Amino acid sequence: MKNTEIRHRFINFFLNKNHTFVKSCPVVPKNDPSLLFINAGMNQFKDVFLGTGTRDYSCAVNSQICIRVSGKHNDLEDVGHDVSHLTLFEMLGNWSFGDYYKKEAISWAWDLLTTKFNLPKTKLYATVYRTDDESKMLWESLTDINPNHILRYDEKDNFWEMGKTGPCGPSSEIHIDRGPEHCTHKDPNHICFVNGDCERYLELWNLVFIQYNRDSEGTLHDLPNKHVDTGAGFERLCAILQNVPSVYDTDVFKPIIQKIEEISGISYSSDETGTPHRVMADHVRTLIFGIADNVYPSNEGRGYVLRRLLRRALRYANNIGIKEPIIHKLVPTVISTLDGFFESIERQQSVMIDIIKSEEISFLKTLDSGLDLLEKIFSETPNLKSLSGEVTFKLYDTFGFPLDLTKDFCEEKNCSVDEDTFQKLLTEQKNRSRNAQQFTDAPSSSELSSKTSESAETNEQKLKKIERLIADKSLHHAPDQFVAKGGESRLLDTISDKLKMARHHTGTHILHEALRLILGDHVFQAGSLVDTTRLRFDFSHFKSLSTDDLEKIEKLVNDKISENIAIKIESMPIQKAKDIGALALFGEKYGDIVRTVKIGNYSFELCGGTHVVNTKDIEAFKILNESAISAGTRRIDAIAGHENIKIYENNVKEKLKKALSPKIDLLKKLSRQLSLNDTFIEGLIQFENLAIDKLQHREKTVLSKIKELEKQIIKEKNSKLNDSIDEFKNEILLLPNNSNLLIKDIEGSDIKGLKSISDKIMTLKPSLIAVLSSIKNGQVLIRCDKAMTQNLTAPQLLSFLTDITGGKGGGRPDMAQAGGLDSDKLPSALDQLRTHLIKTNL
């Protein structure tokens, strides 16, 4: 029986029992900070069990995607090393919210397993809580299970609790005996039993009967309504019904493993040699569902979990000789195994491939170096019992090794890791980074003081304003008329202000849909600010937008504005709004009745804000900037309305007029110094005149052209510099350990120029450390001979400088770069580095 048929048969069984099918909720918990990821089917119904929420149905069935990589349900360290653990799995389940109870749950479970799935009754066992006589009696009276196969267990196995207090109750588990050949112990005296320590008896389904509320004293009280919460592991059920040894042999995983065999040329085995195949097959599934719900690999929170999984998968790929990106190549195969059941996955395939491939390329640059360092340490100290926290931190900081990846490697060598020292060094680094940050967005205390000291309007004046607003028919009004700005809340002063505000708010809705249409439906709003003079829109996306994309987005928004589309505002039950396609903001709390904003057939969102009546009232829309605010989140700044755009363009024109002339003069001067031909200089003069005339509509082109000219000048300068590199050989210093050092400021260059000459410089001497700087620009590039990086890396030398000068940077063991260094402190820092290297025996 194929996996799709198993899922279909389970769901249809309960649909025929008057259950409502509920889609798998996103793997990122909504309004539940206690969870990193959804880890059980009941998570989305938690509010019902707690009595804080309701549903318009009393019985439900679904298949929920669950991720277990943290807390007491953390399976990560076991994944791959055996054939049962997974970081992601589907949980089939059925629920009753105060409807049916034990009788139906037990009899239906037995009926489904034995008549619809045809499992042998003689192989099935049922466990009940030690004092749950009712469940035991129901198993005996409602089913034809062998009475000797009904077993009692204590709280550890058969009593479910949401927490130390709250809803709880006994459970009844169904297990299957797979036969003695599945025992994983080699000891002939080993005794297999249900809930034992081998793979012979496997739990299939857990039926939880939520009938109590535990108070803070530990006392159990009967709940007014009794609930049923069941969970059956989909992959495990597939293994049983397909009569294969493990979940990795089912048609859920087999196509993925076959794809890995095809790419690697290495056959899969169920023993330890198959660990790389299992790790990659499992981890790519978790990556796919995480990215589908807008979690992107990063250095924080859920994003870091995905990054850890990807890097762990690459490390195991390396173990079987795969040195190139592979995980992204598995995405289409994984999606094919889902057979369209999870609708959002297939639509985002190309996005997933791009994100995963980009992460792979980034980590593979340092993976080999990190592994080489570990191998060197263990070859020099074969009986090493504990890897130092300093080395563990270096692997993390320099080579990008997550802690659990290093632990994984050390475990294979029967070695522990000094986690305490690692955590101490990590905390120190975070504190240094935090202290170095400067925040400029917040208003100063004097600004706040001056604002709060302004005379307040009388209630009568405010009332008149509100009356004017209510009388105005050109706007769809929000429940309140305030805007938060710069640490204060203020009543919008005029209808003109209100209209400007509405333009920007409706503009965000049109922009949101334009982003989704052009970039993909993985895009969701992650935050916004609307004011009378501007809008700011944050959204989920994994890379910067090209100029072409931004132009398409801006054009689409302006096209919709010019179409004169009426804006329809309507209140309705939240479920109805979702059913007819309204877009809700992830993580936002909504009441039972919501306000919807519909822009023709183009955009439909839940929103309580103020909007224009027709898109023509927005007049015009202009994107000012696009930037990153965190991993996987981008920001667009924009303005709406002819007046706003005119003010902006005039301001830009004046600023560029002041900036452009000195820039052109400097370029002319440099051009003459480099003896560039007259045609080039005449081109500069023509461009200067054109720039000023056309600036109002072509400021982006102007800035782009200036950058091109600067690049051309620098290219000429670097070309001349390359011719004189051989002269640098005389400035190279021989260090005590016979390595060579060159510290050289390349005046007038930039980081790209430093890179372009560094390859040639590295050929001047063996065992060379080259520290190249552009002091005026506050930039540094450091190169180290690859043979030296076991003892000394470029990022270490870079840190020495940035600890003195500030600035940010990074790189790989043999090359690192930084910018934003304090130009005044940099010469002294370079001198200190020279002295340090002379005195240090590398």
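Quantities reported herein were computed from a predicted structural model and do not represent experimental measurements.

*Asks:* Any chance you could break down the overall build of the chain for me, citing the residues and the numbers?
*Replies:* Counting its regular elements, the chain contains 25 helices and 28 strands. Contacts in the chain between residues at least 24 apart in sequence constitute 68% of all its contacts with a sequence separation of at least 6. About 40700 Å² of surface is accessible on the chain, with carbon and sulfur atoms providing 47% of the total.

*Asks:* Lay out the sheet that holds strand β28 (residues 815-819) in plain terms, naming residues and giving numbers.
*Replies:* Read across the open sheet, the six strands follow the order β23-β24-β25-β26-β28-β27; overall the sheet is mixed. Each edge of the open sheet is held by one strand with a lone partner, namely β23 (733-734) and β27 (808-812). The pairing of β27 with β28 spans five bridges and is antiparallel. What sits directly across from Lys808, in β28, is Gly819.

*Asks:* Describe the side chain of Asp637, listing the residues and the values that go with them.
*Replies:* Relative to the assigned elements, Asp637 resides in strand β22 (residues 633-640). Within the buried set, Asp637 has no salt-bridge partner at all; the shortest N-O distance to an opposite charge, 4.6 Å, is to Arg534. For Asp637, the residues in contact, after removing those within four places along its chain, are Leu535, Arg536, Lys622, Ile623, Leu624 and Asn625.

*Asks:* Describe unusual backbone geometry, and please don't skip the residues or the numbers.
*Replies:* In this structure, Asn195 takes a positive phi of about 65 degrees despite not being glycine. Residue Asn738 is not a glycine yet carries a positive backbone phi of 75 degrees. Secondary-structure assignment places Asn738 in the loop between β23 and β24 (740-745).

*Asks:* Which residues make up helix α14 (residues 403-412), and what are the values?
*Replies:* Across the ten residues that make up α14, a large majority, seven, are buried. Inspection of α14 places Leu403, Asp404, Leu405, Thr406, Asp408, Phe409 and Cys410 among the buried residues, and these make up the whole buried set. Of the residues trailing α14, Asn414 is marked for its positive phi of about 55 degrees.

*Asks:* Kindly report on the side chain of His19, identifying the contributing residues and their values.
*Replies:* With respect to the secondary-structure elements, His19 resides in the loop between α1 (3-15) and β1 (20-21). From its side chain, His19 meets the backbone oxygen of Lys17 in a polar contact 3.2 Å long. Looking at His19, its side chain comes within polar contact range of the side chain of Tyr100, at 2.7 Å. Beyond its immediate chain neighbours, meaning those up to four positions away, His19 contacts Phe14, Cys59, Ala60, Val61, Asn94, Trp95, Tyr100 and Trp108.

*Asks:* I'd like to hear about helix α23 (residues 751-761), residue by residue, with values.
*Replies:* Among the residues of α23, those classed as buried are Ile751, Gly753, Leu754, Ile757, Ser758 and Ile761. Along the axis of α23, the buried residues cluster in a sector spanning 140 degrees; they form a single face.

*Asks:* Before we move on, can you summarise the packing of helix α12 (residues 349-380) against helix α13 (residues 389-399) with the specific residues and values?
*Replies:* Across the interface, α12 lies against α13 with an axial gap of 10 Å and an inter-helix angle of 160 degrees. Put simply, α12 runs roughly antiparallel to α13. α13 is crossed by α12, and the crossing has right-handed handedness. Residue-level contacts link Phe363, Thr366, Ser369, Gly370, Leu373, Leu374 and Ile377 of α12 to Val391, Lys394, Leu395, Thr398 and Phe399 of α13. Tallied by class, the residues present in the contact of α12 with α13 amount to seven nonpolar, four polar and one charged.

*Asks:* Quick one: what's the story with the packing of aromatic side chains, residue by residue and with numbers?
*Replies:* We describe a pair of aromatic rings using the distance from one ring centre to the other and the angle between the two ring planes. Taken as a whole and assessed by the stated rule, the structure comprises 25 aromatic pairs. Aromatic pair Phe289 and Phe342: ring centres 5.3 Å apart, planes at 90 degrees, arrangement edge-to-face. Linking Phe289 in helix α8 (residues 275-292) with Phe342 in the loop between α10 (331-338) and α11 (343-347), this pair joins segments that are 53 residues apart in sequence. Relative accessible area serves as the criterion here: at 10%, Phe342 is assigned to the buried category. Taken together, the ring pairs connect Phe10, Phe13, Phe14, Tyr100, Trp108 and Trp205 into an aromatic cluster.

*Asks:* Could you give an account of the nonpolar core, naming the residues involved and the relevant values?
*Replies:* Formed by 120 residues in total, the largest nonpolar core has its most connected members in Trp139, Trp205, Met280 and Ile327. Ranked by residues supplied to this core, first place goes to α12 with twelve residues. The contacts of Trp139, once residues within four sequence positions are left out, are Ile106, Trp110, Ala126, Val128, Ile145, Ile150, Ser172, Ile174 and Leu207. In terms of nonpolar packing, the next biggest core, distinct from the first, is built from 31 residues, Ala502, Leu519, Phe621 and Ile623 among them.

Quick notes on the rules
Residues numbered from 1 in each chain as written. Predicted model: local features only at pLDDT ≥ 70, side-chain atom pairs only at ≥ 80, totals over all residues. Heavy atoms only, no water. Helix = DSSP H or I, 4+ residues; strand = E, 2+ residues; numbered from the N terminus. Contact = heavy atoms within 4.5 Å. Areas by Shrake-Rupley, 256 points an atom, 1.4 Å probe, with all protein chains shown as cover. Pairing = 2+ DSSP bridges. Buried < 20%, exposed > 50% of the residue type's maximum accessible area, 1.4 Å probe, protein only. Lys, Arg positive; Asp, Glu negative; His and termini not counted. Salt bridge = Lys/Arg side-chain N within 4 Å of Asp/Glu carboxyl O. Polar contact = N/O pair within 3.5 Å; in protein donor to acceptor, adjacent residues only side chain to side chain. Arc of directions from axis to C-beta. Axes fitted to C-alpha atoms, helices over the stretch in contact; angles between N-to-C directions. Parallel < 35°, antiparallel > 145°, perpendicular 65-115°, else oblique. Left-handed = near helix turned anticlockwise from the far one by under 90°. Nonpolar A, V, L, I, M, F, W, Y, C, P; charged D, E, K, R; others polar. Phe/Tyr/Trp six-rings, centres within 6.5 Å; stacked < 30°, edge-to-face > 60°. Core = buried A, V, L, I, M, F, W, Y, C linked by side-chain atoms within 4.5 Å.

Taken by themselves, the reported measurements are silent on function.
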